[in-house]
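Next come the chains, spelled out residue by residue.
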Amino acid sequence: FFFDIMPEPASGLWRSQDMVLLQLHMQREAAHDTILKLGHLGCVQFRDMNPNTSAFQRLFTGDVRRCEESERRLRYFEEQLKRAKGHKHVTCLVDGTHSETLDSLEPKLESLESELRDLNSKWEQLLSQKNSMKEHSEILTQPPSFFRGDDEGFSTSTAAAADEGTTFRVGGLRYLTGVINSDRAALFERLVYRATRGNMFMRTTPAKEQFEDPATGELVEKTVFVVFFSAQRAFDKIKKLCESMLATLYPYNIDSPQEVQQTTLKVMDTIRDLETTIKGTEDVREDILEKVKTNLYLWKKTVLIEKSVYDVLNMLAFKGQTVVAECWAPKEDLAHVQTALSEAEQTSGAQVQSFMETIDTRDQPPTYFKTNSFTKIHQSIVDSYGIARYKEINPAVFSCMTFPFLFGIMYGDIGHGFIITLVAAFFILREKQLMESGLNEIIAMVFGGRYILILMGIFAIYTGFLYNDFFGMMISPFGENTFWTFPVSKEAWASDCSDEYNYWFANKTAGVLQACKVNDGSPYIFGIDPNWCETENKLEFYNSLKMKMAVILGVIQMSGGLLLSLLNHVYFKDMKHVWFGFIPEVIFLWFTFGYMCLMIIIKWNTDWPQRFRTTIELDKPGVHYLNAPSLLEAQTNFFLSPGSIAQDAYVFVGADFQNAVQSFLLLCCLLAVPLLLIPIPVIEYLHHKHTAYGELEEATAATGGDEEPHEKEDHEPFDMSEVVIKQVIHTIEFVLGCVSNTASYLRLWALSLAHAQLSEVFWNFAMIMPIMQDSGSGIFCFLGFAVWFAASLMVLCGMESLSAFLHALRLHWVEFQNKFYFGDGTQFVPYNIKEFHEMAKPNVSGEE
């Protein structure tokens, strides 16, 4: 056999692996070994060739039930091992050098279960007898005053009796003695009182020893009681109550001390004999359990594997002595599949050679991406949204970096990012030890995301340096650029404006200009200058900076999504969506919000004081355009009032030129909407009409014109109204989505600002304020630090990080992936026996 096993260059993580549909032919005797070999290979996904056959009518249903019965026996062994944990500790071996078959293992498990159940039944009977003797011993060892009573003793009777004012006497009273569980003693006393209408007296005392429950193995507290009564009817009622409350009655003759002593000695001898017998039974049971525990992993793995093999065999087609299987497999693993067929053929001793062939099908193949420990968590995040369509670009390639980057934008803080990085680094360094040890659900969830967590922490540190934010404080890692303000007269403003001065803000008030000066005229080395922390307009500056940065990042990521859609259209040779999908979408996005991003960048790079100095006549009264133009107002007028930019509010070149540019861009956007809406439904209609006409001619030629041609079974019906509605919805969704998605990226600004302000509040109120109130003792400082550290860990490192994670997840799922990602594929789930190795590890620790 010859296959072209050279994979497509883009296969792997960028696009799905090349998948082929195989049809395997093998002899009936080789089917079991073939499935077993392919399971160890772990690269084929079988298809059910009997979809119309119920589970009860399949060939190997009986074998599956045998496996399920063996699983039940193994679960019984695990339960017994959990109960026996406190008796004897044995080491669980999870590896071995030999293997079992189901035919040889089944009678062994049946014999061990029968033997173990007999021992348990005998042990429970012996323990019940021992408990009964111990209960009787508890009664016999009570002092005589407990059964006789006196005036002082009777005064401690039930509260109900005391409330009734009833007087009790010893003479002529009958009594019953017994033992009951302590948790039922109070209820039993009330029921006896009500059943006898108060004509009773009951005394209780806790038993000196605890009793082991034969059913659960737990220690139970019990209570010794004696009930005094007078009438025979009361005796019958009390006896029935004892039976219903599981209380045990024992004889005690208070008038014969010698008989009590003899009974006591006899009971103690019986207890010793029972303890000896129970100890021997437990030793035999422990020997059996030790043997079971040593081999439990191998037995459980064998049963799980055999059950899975029979489940797969039920999916195959049996035709006499021939078995046919269909499966999906990566193209690059075809040689391994052929090798597995040959090995299974030799192992089973089949006389007929097994072979495989590829099948042409219109069914969409499953999607398969090769992942490792690093990319697995990113791929799982994408798969939670939807499985990629076959050969569709995988968003996980980009989310490996963009996801933690957007998280860092919202969570930018050096200190908090360092804590997250430290936790993730610990999980990575202790990866093997933690994987082998049992982790609770929450820790296991964090441990599973350790690789994305460390990237989130690193990007949080990076953006923390950009924001110059360290636990809510400003730091100066690269020194300072000194800022100060000074009054400048009109004459100085006009004459002393040399290049060494950089005037950031000017306000003409009463003939005096307030100027802000930088000492050397250069920007800060990296990030935001720490001197902004001391300014009054700090919050306004941060709002403006982060809001514009969020819009730019959003447009960049959405543009990246559109470019990926172009690559998908080109790959699938869908040129109609290139010309009438991608192009109008890019025009609409770039000519609206892309234009706004361009204005933001131009405004950032414009020296507005220099423009004012060169264009403003200081002696001219009524000058009102010393502030930079508002981009929000400009963008609003772009849609509502195009071409209305004032002469003093332009951003680049000039007002007339910018008005002409905006009018052109808006016209292109208006033309892009019908270009996106109309052509695609028309093209699909014409294509369907042409295809249907060609198929009709072929069918007529094939039948010679004598018979009416039949429509192809796999031909999908075409509904023009459905296509039009789908395209209308897509157009409206994209146009409105450009606005809503861009606004959604403002969450980058909102969460970043909220995190910074919350950090500052915690620092000022939990640290600075206690320090100011401390008188030198250090108590307030210690308490303040404890509160600040706890709040930082729980709120900022816990809740805030989770909030930023969820918002970054939404930005990728909705704003980014909806530009190119269909997510309607099926995942490649190969039959892999290695998965059962972890499932087979027995849980004998008692933890759920």
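Every value quoted in this text rests on a predicted model; they were computed, and no experiment measured them.

## A closer look at the packing of aromatic side chains
And then number 1: In this structure the tally under the stated criterion is 34 aromatic pairs.
And then number 2: Taking 6.1 Å as the distance between ring centres and 35° as the angle between the ring planes, the aromatic pair formed by F229 and F235 counts as tilted.
And then number 3: Their ring planes at 80° and their centres at 5.8 Å tell us that F405 and F459 sit as a pair that is edge-to-face. Remark: F459 occurs in helix α16 (residues 450-467) and F405 occurs in helix α12 (residues 396-411); sequence separation between them is 54 residues.
And then number 4: An aromatic cluster of at least three residues, connected via ring pairs, comprises F470, F471, W763, F785, W788 and F789.

## Points about the confidence of the model for the protein chain
And then number 1: With 83% of its residues at a pLDDT of 70 or more, the protein chain shows a mean pLDDT of 82.
And then number 2: Taking the mean pLDDT of every element in the protein chain, the minimum, 34, falls on helix α6 (residues 159-164) and the maximum, 96, on strand β2 (residues 45-46).
And then number 3: Confidence over residues 86-98 falls short of pLDDT 50; this stretch has 20 contacts with residues more than four positions distant or in other chains.

## Some details on the pairing of strand β1 (residues 19-27)
And then number 1: A large share of β1 lies buried, amounting to nine of its nine residues.
And then number 2: Of the two faces of β1, the one carrying M19, L21, Q23, H25 and Q27 and the one carrying V20, L22, L24 and M26 are both buried.
And then number 3: As paired strands, β1 and strand β10 (residues 322-330) are joined by nine bridges and run antiparallel to one another. Bridge pairing in β10 places L22 opposite C327.
And then number 4: Here five bridges tie β1 to strand β11 (residues 355-359), and the two strands are oriented antiparallel to one another. Pairing of Q23 across the sheet is with E357, part of β11.

## Here we look at the side chain of Q635
And then number 1: Tracing the sequence through the fold places Q635 in helix α21 (residues 631-640).
And then number 2: Discounting residues that sit within four places of it in the chain, Q635 has contacts with T592, Y595, M596 and M599.

## Quick word on the nonpolar core
Generally speaking, soluble globular proteins have nonpolar side chains that are buried together.
And then number 1: In this structure, Y411, M599 and L748 are the most contacted members of the largest nonpolar core, which totals 62 residues.
And then number 2: Residues contacting M599, with those up to four places away along its chain left out, are L631, A634, Q635, V651, F652, Q658 and Q662.
And then number 3: One finds L298, A325, L341 and Y831 within the second-largest nonpolar core, a separate group that totals 53 residues.

## Examining the environment of I600
And then number 1: Relative to the helices and strands, I600 is located in helix α19 (residues 575-604).
And then number 2: With sequence-adjacent residues up to four places away left out, I600 is seen in contact with K548, I552 and L631.

## Describing the packing of helix α25 (residues 747-773) against helix α26 (residues 779-816)
And then number 1: Put simply, α25 and α26 touch, their axes get as near as 9 Å, and they point 175° apart. As judged from the angle between their axes, α25 and α26 are roughly antiparallel.
And then number 2: Partitioned by chemical class, the residues of the contact of α25 with α26 number 19 nonpolar, six polar and three charged.

## Points about the sheet that holds strand β3 (residues 174-181)
And then number 1: Across the sheet, which stays open at both edges, the four strands sit in the order β4-β7-β3-β8 with antiparallel pairing between neighbours. A single partner strand is all that each edge strand has here, and the edge strands are β4 (201-206) and β8 (248-250). When the angles between neighbouring strand axes are averaged without regard to direction, this sheet yields 25°.
And then number 2: Sheet analysis places β3 next to β8, joined by three bridges and oriented antiparallel. Within β8, the position partnered with T177 by the bridge is Y250.
And then number 3: Here helix α3 (residues 102-140) sits on the sheet in contact with β3, β7 (222-229) and β8, set at roughly 55° to β8.
And then number 4: Sitting on the sheet, helix α7 (residues 182-195) touches β3, β4 and β7, and the angle it makes with β3 is about 145°.

Conventions we followed
Residues numbered from 1 in each chain as written. Predicted model: local features only at pLDDT ≥ 70, side-chain atom pairs only at ≥ 80, totals over all residues. Heavy atoms only, no water. Phe/Tyr/Trp six-rings, centres within 6.5 Å; stacked < 30°, edge-to-face > 60°. Helix = DSSP H or I, 4+ residues; strand = E, 2+ residues; numbered from the N terminus. pLDDT = per-residue confidence, 0-100. Contact = heavy atoms within 4.5 Å. Buried < 20%, exposed > 50% of the residue type's maximum accessible area, 1.4 Å probe, protein only. Pairing = 2+ DSSP bridges. Core = buried A, V, L, I, M, F, W, Y, C linked by side-chain atoms within 4.5 Å. Axes fitted to C-alpha atoms, helices over the stretch in contact; angles between N-to-C directions. Parallel < 35°, antiparallel > 145°, perpendicular 65-115°, else oblique. Nonpolar A, V, L, I, M, F, W, Y, C, P; charged D, E, K, R; others polar.

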